[in-house]
Amino acid sequence: MSESLNPSASPSAPTPGEAAAGTSSAAAETGTVSSVHAPASAAAGIPDDLRAASFERQRRLRQEPRFPGGPAIDPAGSHHERRIRSFQPRRSRVTPGQEDALLRLWPKWGLDIDGQRVLDLPELFDGLPAVLEIGFGMGEATAQMAADDPGTGILAVDVHTPGQGNLLGLADRNGLSNIRVANGDAIILLREMLKPDSLDGLRVYFPDPWPKKRHHKRRLIQPEFLDLVAQRLKPGAVIHCATDWEPYAEQMLEVLTAHPLFENTLADGGYAPRPAFRPLTRFEGQGLDKGHVVHDLLFARR
Ligand SMILES: C[S@@+](CC[C@H](N)C(=O)[O-])C[C@H]1O[C@@H](n2cnc3c(N)ncnc32)[C@H](O)[C@@H]1O
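No experiment lies behind these values; they were computed from the predicted model shown.

Enquirer: Would you take a moment to explain unusual backbone geometry for this structure?
Expert: Keep in mind that most residues, glycine aside, have a negative phi and that most peptide bonds are trans. The backbone phi angle of Phe206 is positive, close to 55°, even though this residue is not glycine. Assignment of secondary structure puts Phe206 in the loop between strand E5 (199–205) and helix H10 (223–232). Accessibility expressed as a relative area gives 8% for Phe206, which makes it buried. A positive phi angle, close to 40°, is found at Trp210, a residue other than glycine. Owing to a relative accessible area of 1%, Trp210 belongs among the buried residues under this scheme.

Enquirer: What's the story with the sheet that holds E5 in this structure? I'm lost.
Expert: Paired through their backbone hydrogen bonds, the strands of a sheet run either parallel or antiparallel. Taken in spatial order, the eight strands make up an open sheet running E1-E4-E3-E2-E5-E6-E8-E7, and their pairing is mixed. Pairing within the sheet leaves two strands with one partner each, and these edge strands are strand E1 (110–112) and strand E7 (262–264). When the angles between neighbouring strand axes are averaged without regard to direction, this sheet yields 25°. Both E1 and strand E4 (residues 179–183) contribute to a ladder of three bridges, which runs parallel. Note on E4: the bridge partner recorded for Asp112 is Asn183. Against the sheet, helix H8 (residues 161–173) contacts strand E3 (153–158) and E4, and its axis sits at roughly 165° relative to E4.

Enquirer: Explain the site of the ligand to me, please; I cannot follow it from the model alone.
Expert: Near the ligand, the surroundings consist of 16 residues, among which Ser86, Gly135, Asp158, Tyr205 and Thr281 are the closest. Here a nitrogen atom of the ligand and a backbone polar atom of Gly135 are 2.7 Å apart. Side-chain polar atom of Asp158 to an oxygen atom of the ligand: 2.7 Å apart, as the coordinates give it. About the coverage of the ligand: the protein hides 95% of its 600 Å² of free accessible area. Tallied by class, the residues present in the shell around the ligand amount to seven nonpolar, five polar and four charged.

Enquirer: Just checking my understanding: could you explain the pattern of salt bridges for this structure?
Expert: As a working rule, side chains carrying opposite charge can pair if their charged atoms are close by. Counting across every chain of the model gives 13 salt bridges. In this structure, Arg83 engages Glu81 in a salt bridge whose closest nitrogen and oxygen atoms are separated by 2.6 Å. Of the residues examined, Arg83 reaches a relative accessible area of 24% and is grouped as partly exposed. The class of Glu81 is partly exposed, set by a relative accessible area of 24%.

Enquirer: In this structure, what is going on with the environment of His292? I would like to understand it.
Expert: Along the chain, His292 falls in the loop between helix H12 (282–289) and strand E8 (295–301). On a C-alpha basis, the gap between His292 and Thr243 in space is 9.4 Å, while along the polypeptide they are 49 residues apart. Beyond its immediate stretch of four places on either side in the chain, His292 contacts Asp244, Trp245 and Gly287. A distance of 2.8 Å separates the side chain of His292 from the side chain of Asp244, its partner in a polar contact.

Criteria and thresholds
Residues numbered from 1 in each chain as written. Predicted model: local features only at pLDDT ≥ 70, side-chain atom pairs only at ≥ 80, totals over all residues. Heavy atoms only, no water. Helix = DSSP H or I, 4+ residues; strand = E, 2+ residues; numbered from the N terminus. Buried < 20%, exposed > 50% of the residue type's maximum accessible area, 1.4 Å probe, protein only. Pairing = 2+ DSSP bridges. Axes fitted to C-alpha atoms, helices over the stretch in contact; angles between N-to-C directions. Contact = heavy atoms within 4.5 Å. Near = heavy atom within 4 Å. Polar contact = N/O pair within 3.5 Å; in protein donor to acceptor, adjacent residues only side chain to side chain. Areas by Shrake-Rupley, 256 points an atom, 1.4 Å probe, with all protein chains shown as cover. Nonpolar A, V, L, I, M, F, W, Y, C, P; charged D, E, K, R; others polar. Salt bridge = Lys/Arg side-chain N within 4 Å of Asp/Glu carboxyl O.

Quick look at the structure:
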């Protein structure tokens, strides 16, 4: 890839700590929080006019696309579902470069997860095998993998708008035509928009660890998630997970090992050595700086 990728030089992405604690001070991107819970201002005795201004702002956020022609806000209305989601909706700052990429490149390489149509992956990637990456963050590792393996199409999904713009810009500047950027909840993409036996692989690198016990139900890698994934992967296709959060690694190993439709590619049934094709990711770098140990897991669909 012609452009060098330095995760630490890129603008802010949500940290696992922020995501876990739900501490984003930015307005919720989808208005989910306000539509489900009474606003914190009510309890805090905030004056009525300020509360009304806040409601008005959130009403506009729900109605107006942030980038005309770009990614929609909560395209499938996933906040209406009575389901615990694995991400915290947030409205993060977008740099001018990311905004330019969203406006210019979304019509070409972006797709909203609206839950309304079934994707034809061979058509989307001109016949290339297609892997899904859930939660690409700022997308540096995704772009690197796409550059290293131009014979594979990567359907990269995240809800994080700055990351979507960043990845589109990286694809453009590096001439990568094998990436498509999907906006929205990966669960809806898997459930409503992908055909059975359609994926050649799934990558989930450093999913939000949700370290607090009361948040564990938000973790992505759970038996029900694997049931859905097993239906979408082709037989023999590999799910590749990586995490620097030891208790989550143990949970991943436990649920993947217990699932009847997945088989550990490691003969000893344990963690895999880090495959050479997986670049260092931004969150991985942050974990390593804290002294965390990284685990990779590679399980094949039976
Ligand atoms: C901790 S970050 C890791 C980012 C990147 N893989 C890395 O290692 O730097 C996890 C990402 O997953 C995304 N995410 C979590 N649940 C998701 C879901 N259900 N659908 C789409 N994206 C999701 C979050 O928005 C966040 O960007």
